[in-house]
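Report on the structure
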Amino acid sequence: MKTFNKTATLAATLVAALTLSACQTTPSSPVIQRANSIYETTGIAKTKIKAQQNALDSAKTTCRGKQVIIVEDQVKYNGILNESTGRMIGQASAVLGTILGTGSPNLSRDDDYEYMISFRCQ
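Residues numbered from 1 in each chain as written. Predicted model: local features only at pLDDT ≥ 70, side-chain atom pairs only at ≥ 80, totals over all residues. Heavy atoms only, no water.

Right, let's get into the sheet that holds strand E3 (residues 68-77). One open sheet accounts for four strands, arranged E1-E2-E4-E3; its pairing is antiparallel. Every interior strand has two partners, whereas the edge strands, strand E1 (31-33) and E3, have only one. On average, adjacent strands in this sheet sit at an angle of 20° to one another, irrespective of strand direction. Here seven bridges tie strand E2 (residues 39-45) to strand E4 (residues 113-121), and the two strands are oriented antiparallel to one another. In the strand pairing of E4, Thr42 is matched with Met116. Sitting on the sheet, helix H2 (residues 48-63) touches E1, E2, E3 and E4, and the angle it makes with E4 is about 25°. (Pairing = 2+ DSSP bridges. Helix = DSSP H or I, 4+ residues; strand = E, 2+ residues; numbered from the N terminus. Axes fitted to C-alpha atoms, helices over the stretch in contact; angles between N-to-C directions. Contact = heavy atoms within 4.5 Å.)

Given below as structure tokens:
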């Protein structure tokens, strides 16, 4: 009976942990409020599109159902190489990796792109 209780307790703990982890959302970028109801945030990601999406998701969360109006935006690339060289090397290594059957190295990092926006809610 003790073994059954331990197993049941362990199973219940595991189910609770999995349930709580499923409720987690992806972390949003911090939002700073400036004068005249203007907010600022920066999305950071491996790709330009994902960085933009991260920043816009934070803006939408801040506006809580109101429309997000972008006042100013700027994209910054922080990769190891410049953007076009990195893309060229990535494509060449993917082709070479396919030919040799070794796969391709990933030169991108999670913070290669920053998308900074100033916005207001309307």
